Amino acid sequence: PPAAWHLAVNGQTQGPFDLAGLASAAARGQVTPSTLVWSAALSGWTPAGQVPALAALFGPPPPPPPPA
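Residues numbered from 1 in each chain as written. Predicted model: local features only at pLDDT ≥ 70, side-chain atom pairs only at ≥ 80, totals over all residues. Heavy atoms only, no water.

## Here we look at the environment of Ala40
With respect to the helices and strands, Ala40 occurs in the loop between strand E3 (36–38) and strand E4 (46–47). A relative accessible area of 72% places Ala40 in the exposed class. (Helix = DSSP H or I, 4+ residues; strand = E, 2+ residues; numbered from the N terminus. Buried < 20%, exposed > 50% of the residue type's maximum accessible area, 1.4 Å probe, protein only.)

Below, the structure is given as structure tokens:
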């Protein structure tokens, strides 16, 4: 089964979320590399940017478009 991710937000647990849900939240800025996440595959709460399965969600921003 796909991983179920939980978030720690303002001292409360939110979730579970699937990877697509986390990607959507990251795109909106609601999940950042410092957001604490947990899943059954982790030994404890971990910053999202340190989880290999999630690190790609926080890749570098695309470059600006070329001048017209």
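That covers the picture; the talk isn't over yet.
## Section: the pairing of strand E1 (residues 5–9)
Sheet analysis places E1 next to strand E2 (residues 12–17), joined by four bridges and oriented antiparallel. Residue pairing across strands places Ala8 opposite Thr13, the latter belonging to E2. In terms of strand pairing, E1 meets E3 through three bridges, oriented antiparallel. Of the residues in E3, the one forming a bridge with His6 is Trp38. (Pairing = 2+ DSSP bridges.)

## Details of the nonpolar core
With 12 residues, the main nonpolar core is built from Trp5, Leu7, Leu22, Ala25, Ala26, Val31, Val37, Leu42, Ala48, Val51, Leu54 and Phe58. At the level of elements, E1 and helix H1 (19–27) are the ones that each hand at least two residues to this core. Broken down by element, the residue count for this core peaks at three residues, all from H1. Discounting residues that sit within four places of it in the chain, Leu54 has contacts with Trp5, Leu19, Leu22, Val37 and Ala48. (Core = buried A, V, L, I, M, F, W, Y, C linked by side-chain atoms within 4.5 Å. Contact = heavy atoms within 4.5 Å.)

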